[in-house]
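The chain contents come next:
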Amino acid sequence: MVTGPRVFERVMIMGGSGVGKSHLALRLAAISGLPRYHIDQLSWLPGFVHRTTDELDRMTSEIHATDHWIIEGGHYETSHDRAKRADLLLVLAPSRLMQVMQIILRSWRYSRMIRPGMAEGCTQRFGPQTLSAVEYALRSNSFHLERAQAVMNASPRLTIRQLSSRGEINRFISGCSPVAGRRGFVIDGHTGVPVPHCA
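In the nomenclature of an unreviewed UniProt entry, the protein chain is known as Adenylate kinase of Paracoccus rhizosphaerae.

Dropping the structure here:
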């Protein structure tokens with residue numbers, strides 16, 4: 001029996017702060033018609049007041065139960081449950097220089113605004129907030145990548161791609177195509193770097 005290319009309908013995007021997760025989610029949602037969810041958007045209330053873990057557990061679990069989604073970000077308390085439902089995991093791991101440049105650029109571009117993927121009432125400020133964001137991103141990189149690796153190791157069913165530069169991200173996006181008559185997308189198998197599963 002001949003089958004067509006795999007259609008991806010539930011997508012996880014993981015990686016450190018400022019690596020381009022929100023941008024990738026926006027681009028894939030535009031191609032595929034899949035609804036997108038940003039953990040930052042779910043996590044924060046106006047004024048950068050953080051929701052409780054229980055609230056986030058409930059919200060993310062309700063999203064996981066649906067048939068179509070792109071979810072970018074952490075909330076690792078439910079990441080393994082998310083992986084059980086996902087059919088594609090994208091791990092972004094650019095150089096630190098690229099990460100820092102992207103954080104500074106987004107802070108400047110969206111200063112006094114709410115940047116894409118952030119919750120209402122959480123305004124971006126260029127200045128001390130930018131330096132804090134850079135410091136947090138560099139300090140937390142290992143933490144985020146360790147959590148992504150744990151999901152990869154525990155999820156042999158998942159298709160996984162690691163994207164390590166702006167060029168790789170753009171080539172991956174260029175290799176994604178919509179599917180007529182349904183939500184989701186197919187990808188060129190040569191885009192991105194397939195990541196072997198570790199025992």
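Observations concerning the overall build of the protein chain
Looking only at helices and strands, the protein chain features 7 helices and 10 strands. Taken over C-alpha atoms, the radius of gyration comes to 17 Å for the protein chain, in line with the 16 Å a tight globule of 199 residues would show. A principal-axis box enclosing the C-alpha atoms of the protein chain has dimensions of 60 × 35 × 35 Å. Considering only intrachain contacts with a sequence separation of at least 6, the fraction spanning at least 24 residues in the protein chain is 72%.

Looking at the pairing of strand β5 (residues 69-72)
Every second residue of β5 is oriented toward a common face, with Trp69 and Ile71 on one face and Ile70 and Glu72 on the other, all of them buried. Pairing between strand β1 (residues 10-15) and β5: 4 bridges, direction parallel. By the bridge assignment, Arg10 is partnered in β5 with Trp69. The sheet contact formed by strand β2 (residues 36-38) and β5 spans 3 bridges and is parallel. Looking across to β5, one finds that His38 is bridged to Glu72.

Concerning the packing of helix α1 (residues 21-32) against helix α7 (residues 166-174)
As a packed pair, α1 and α7 sit with axes 11 Å apart at the nearest point and diverge in direction by 15°. Taken as axis vectors, α1 and α7 run roughly parallel relative to one another. Here α1 and α7 pass one another in a crossing that is right-handed. Within the contact between the two elements, α1 uses His23, Leu24, Arg27, Leu28 and Ile31 and α7 uses Arg166, Ile169, Asn170, Phe172 and Ile173. Split by residue class, the contact of α1 with α7 holds 6 nonpolar, 2 polar and 2 charged.

Quick notes on the packing of aromatic side chains
In the structure shown here, the tally under the stated rule is 3 aromatic pairs. A ring pair is formed by Tyr76 and Phe143, whose centres lie 5.6 Å apart and whose planes are at 75°; its orientation type is edge-to-face. With Tyr76 in the loop between β5 and α4 (79-85) and Phe143 in helix α6 (residues 128-153), this pair connects stretches of sequence that are 67 residues apart.

Focus: α6
Here α6 contains 26 residues, and its C-alpha end-to-end distance of 38 Å stays within 8% of the 38 Å for a straight helix at 1.5 Å per residue. Considered for burial, the residues of α6 that qualify are Thr130, Val134, Ala137, Ser140, Asn141, His144, Ala148, Val151 and Met152. Summarising the contacts, the buried residues of α6 are in contact with β1, α4, β6 (88-92), α5 (96-109) and β7 (159-163).

Quick word on the nonpolar core
In terms of nonpolar packing, the biggest core is built from 20 residues, with Ile13, Leu24, Leu28 and Phe185 touching the most fellow members. Mapped by element, the contributors of at least two residues to this core are β1, α1, β6, α7 and β9 (185-187). Per element, the largest residue contribution to this core is 4 residues, and it comes from α1. Setting aside anything within four residues of it in sequence, one finds Phe185 in contact with Arg6, Val7, Phe8, Val11, Leu28, Ile31, Ser32, Leu34, Leu88, Cys176, Ser177 and Val179.

Definitions and cut-offs
Residues numbered from 1 in each chain as written. Predicted model: local features only at pLDDT ≥ 70, side-chain atom pairs only at ≥ 80, totals over all residues. Heavy atoms only, no water. Helix = DSSP H or I, 4+ residues; strand = E, 2+ residues; numbered from the N terminus. Rg over C-alpha atoms; globule rule 2.2 N^0.38 Å. Contact = heavy atoms within 4.5 Å. Buried < 20%, exposed > 50% of the residue type's maximum accessible area, 1.4 Å probe, protein only. Pairing = 2+ DSSP bridges. Axes fitted to C-alpha atoms, helices over the stretch in contact; angles between N-to-C directions. Parallel < 35°, antiparallel > 145°, perpendicular 65-115°, else oblique. Left-handed = near helix turned anticlockwise from the far one by under 90°. Nonpolar A, V, L, I, M, F, W, Y, C, P; charged D, E, K, R; others polar. Phe/Tyr/Trp six-rings, centres within 6.5 Å; stacked < 30°, edge-to-face > 60°. Expected span 1.5 Å × (residues − 1). Core = buried A, V, L, I, M, F, W, Y, C linked by side-chain atoms within 4.5 Å.

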